[in-house]
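Residue strings, one per chain:
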Amino acid sequence: MLSRKLISAVLTMSALSLATNIVYAKSTSETETAYEGAPSGIDPSNTQNMITSDGPAMTVEDFNHSKKIFFERCAGCHGVLRKGATGKPLTTDITRARGDAALQAFITYGSPAGMPNWGTSGDLTKEEIALMAKYLQHEPPTPPEWGMKEMKASWKVFIPVKDRPKKKLNNYNIDNIFSVTLRDAGQIAIIDGDSKKIINVIDTGYAVHISRMSSSGRYLYVIGRDAKINLIDLWMKSPDNVATIKVGLEARSVETSKYKGYEDKYAIAGSYWPPQYTIMDGFTLEPKQIVSTRGMTVDTHEYHPEPRVAAIVASHQHPEFIVNVKETGKILLVNYEDIDNLSVTTIPAARFLHDGGWDSTHRYFLTAANKSNKIAVIDSKKRKLVALIDVTKIPHPGRGANFIHPKYGPVWATSALGNDNITLIGTDPVKHKKNAWKVVETLHGMGGGSLFIKTHPKSTNLWVDAPLNPDTRFSQSIAVFDINKLDKGFKILPIAEWADLGEGVKRVVQP
């Protein structure tokens, strides 16, 4: 039986990136700000300073100090180039018009729209706030680009394909292995799901964001916020790294090809900076193609210089990757049949595309445009948008959860950052046509601040976290619904209390 401490270890070690010791403005957006406002993976010392006479006088030392604060506290919401994302744009045409006094007040007291109260919370001193007001009136420092030259310089193959095991050299059931993020340690733990024992702890990039299994189940792909990818061979006697590469300065997503005949042949990674995706050899991580995502937004049709690549999934219907481009609100179908003559289909959806997952048939991709409060549904077989569904504030499904609803048939569920709603969407356009691509029911969980929702085909339990909820009773627990008795509400499992982890912040996340 899985011990309570190991349950907690699995649930509390995650890809979640959170800024610590921050007191946020009291608003309905504070959980969103906590999530988006995490430190950037970009090293600010690598960016080019833009101190000009058009902005207030600043020393290089003061500018560098302000730059460090911005990348640690602000870039996640406002964007590296300050063009705006979750937070408002902070370009110089705006900031210079506001002036020192208004900017200092805004930074000090925050706003009801979700801007943290950096001054009254004590996180920034008056001197630092004065520097930040000046800094924002200069052009934003630009991080360096990261192209083929830089990627190949970072690429390492520790064990060539020809020297890898020809058969599995261990007795682990690789269908029941967990890759668990040890975020602040820059590692993952490979856990045997049968014995509940740690197989190996492997060094990775900074703050691992996700782990993805290959189509065959042999390889594990891990990507950190610093855009480092680790390729791990689970057939080795002790699973470990066989190749690594750095595909940029900041990233979130990695996936491998899954279409019949192309299993594991290619891997793809999406970067936050530079805004681009990279197609690699699936067995060695050798970079093959790099494609920029800079372009026009789906709604106002204005140029955006920093459209970050969010979720990526591999189509089972065509030899394609489905790529979410966050700021422009476009979904790309990237066909890899001939990567030397790459074919890309663009599907307009809604800003700001983030995460999502498949319905139970692996035909329909449901993905959250979180700031637009919508779920976009892509038919990967017909290669088109079939629905844009209105949901409540800031959906954050992770991959979402699929199950058979006792009344409405097959549904896909998402929880939310902005409220306690758990939204159930019908996914069967054949046998339950009247329910398809509609919100059929809304459950209520522990509260806002949820990031992930999960279930299992062999279980009747629906697990929902709330790691960003301001109430520690909820952020340290999991809500569990009985799928067959959804009207009965949820049971709270106090995971952190069971784990007896001692003092400090404990957020139970990613069941």
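From a predicted model like this one, the values you see are computed outputs, not experimental measurements.

A. How the structure looks around the overall build of the chain. Summing up its helical and strand segments, the chain has eight helices and 30 strands in all. Relative to the 2.2 N^0.38 estimate, which gives 24 Å for 511 residues, the radius of gyration of the chain is 23 Å and therefore close to what a compact globule would have. If one aligns the C-alpha atoms of the chain with their principal axes, the spans along those axes are about 65 × 55 × 50 Å. Counting over 511 residues, the chain shows a buried share of 58%. As presented, the chain carries roughly 21,400 Å² of accessible surface, and 52% of it is formed by carbon and sulfur atoms. In the chain, which carries 62 positive and 53 negative side-chain charges, the distance between the mean positions of the two groups comes to 5 Å.

B. Local environment of the sheet that holds strand β27 (residues 453-454). Strand order in the open sheet made by the four strands is β27-β28-β29-β30, with antiparallel pairing throughout. At either margin of the open sheet sits one strand with a lone partner, and together these are β27 and β30 (490-493). Two elements, strand β29 (residues 478-482) and β30, share four bridges in a ladder whose sense is antiparallel. When the bridges of β30 are listed, V480 appears paired with K491.

C. View of the nonpolar core. Judged by nonpolar contacts, the single largest core of 42 residues is most densely connected at F70, I107, I229, V247, M280 and L285. Ranked by residue count, the leading element in this core is helix α3 (residues 60-78), at six residues. In contact with F70, not counting residues within four places along its chain, are A75, H78, G79, V80, R82, M132, Y135 and L136.

D. Structural detail: the sheet that holds strand β22 (residues 384-390). Read from one edge to the other, the open sheet built from four strands follows the order β19-β20-β21-β22, with strand pairing classed as antiparallel. Unpaired on one side and paired on the other, β19 (353-358) and β22 mark the two borders of the sheet. Put simply, the sheet's adjacent strands are angled 25° from each other on average, direction ignored. The sheet contact formed by strand β20 (residues 364-369) and strand β21 (residues 374-379) spans six bridges and is antiparallel. Bridge pairing in β21 places A368 opposite I375.

E. Seen up close, the pairing of strand β28 (residues 461-465). Sheet analysis places β27 next to β28, joined by two bridges and oriented antiparallel. Across the sheet, I453 pairs through a bridge with V464, a residue of β28.

F. Geometry of α3. Taking 1.5 Å of rise per residue, 19 residues should cover 27 Å, yet α3 covers just 23 Å from first to last C-alpha, more than 12% shy of that figure. All of the buried residues along α3 are F63, S66, K67, I69, F70, F71, C74, A75, G76, C77 and H78. Note on α3: the residue one or two positions beyond its end, G79, has a positive phi of about 90°.

G. Representation of the packing of helix α4 (residues 92-109) against helix α5 (residues 126-135) within the structure. One can describe the packing of α4 onto α5 by two numbers: an axis separation of 9 Å at closest approach and a directional angle of 125°. Classified by the angle their axes make, α4 and α5 are oblique. Seen along the crossing, α4 lies across α5 with a hand that is right-handed. Mapping the contact onto sequence places D100, L103, Q104, I107 and T108 in α4 and I129, A130, M132, A133 and K134 in α5. Broken down by class, the residue content of the contact of α4 with α5 amounts to six nonpolar, two polar and two charged.

H. Inspection of the side chain of H78 at higher detail. Relative to the assigned elements, H78 resides in helix α3. Side-chain polar atoms of H78 contact the backbone oxygen of K88, separated by 2.7 Å. Apart from the residues lying within four places of it in its own chain, the contact partners of H78 are F70, K83, G84, A85, G87, K88, L90 and M115.

I. Focus on the packing of aromatic side chains. Using the criterion set out here, one finds 11 aromatic pairs in the structure. With centroids separated by 4.8 Å and ring planes inclined at 50°, the aromatic side chains of F321 and Y336 adopt a geometry described as tilted. You can see F321 sitting in strand β16 (residues 320-325) and its partner Y336 sitting in the loop between β17 (330-335) and β18 (343-348), a full 15 residues away along the chain. The rings of Y259, Y262, Y266, F321 and Y336 are connected pair by pair, giving a single aromatic cluster. Positioned above the aromatic ring of W273, the side-chain terminus of R294 is 5.4 Å from the ring centre. The ring of Y272 is capped by R308, whose NZ or CZ atom sits 4.7 Å from the centre of that ring.

J. Representation of the pattern of salt bridges in the model. Evaluated as defined, the whole model comprises 16 salt bridges. For K288, the salt bridge goes to E286, with nearest N and O atoms at 3.4 Å. Residue K288 is classed as partly exposed on the basis of its relative accessible area of 36%. E286 sits in the partly exposed class, given a relative accessible area of 23%. Linking R351 and D299 is a salt bridge whose minimum nitrogen-to-oxygen distance equals 3.4 Å. Of the two residues, R351 is situated in the loop between β18 and β19 and D299 in the loop between β13 (295-296) and β14 (303-304); the sequence distance between them amounts to 52 residues. Residue R351 is classed as buried on the basis of its relative accessible area, which comes to 14%. With relative accessibility at 45%, the residue D299 sits in the partly exposed group. Members of the salt-bridge network, linked through shared partners, are R225, E250 and R252.

Conventions used here
- Residues numbered from 1 in each chain as written.
- Predicted model: local features only at pLDDT ≥ 70, side-chain atom pairs only at ≥ 80, totals over all residues.
- Heavy atoms only, no water.
- Helix = DSSP H or I, 4+ residues; strand = E, 2+ residues; numbered from the N terminus.
- Rg over C-alpha atoms; globule rule 2.2 N^0.38 Å.
- Buried < 20%, exposed > 50% of the residue type's maximum accessible area, 1.4 Å probe, protein only.
- Areas by Shrake-Rupley, 256 points an atom, 1.4 Å probe, with all protein chains shown as cover.
- Lys, Arg positive; Asp, Glu negative; His and termini not counted.
- Charge placed at Lys NZ, Arg CZ, Asp CG, Glu CD.
- Pairing = 2+ DSSP bridges.
- Core = buried A, V, L, I, M, F, W, Y, C linked by side-chain atoms within 4.5 Å.
- Contact = heavy atoms within 4.5 Å.
- Axes fitted to C-alpha atoms, helices over the stretch in contact; angles between N-to-C directions.
- Expected span 1.5 Å × (residues − 1).
- Parallel < 35°, antiparallel > 145°, perpendicular 65-115°, else oblique.
- Left-handed = near helix turned anticlockwise from the far one by under 90°.
- Nonpolar A, V, L, I, M, F, W, Y, C, P; charged D, E, K, R; others polar.
- Polar contact = N/O pair within 3.5 Å; in protein donor to acceptor, adjacent residues only side chain to side chain.
- Phe/Tyr/Trp six-rings, centres within 6.5 Å; stacked < 30°, edge-to-face > 60°.
- Lys NZ or Arg CZ within 6 Å of the ring centre and 35° of its normal.
- Salt bridge = Lys/Arg side-chain N within 4 Å of Asp/Glu carboxyl O.

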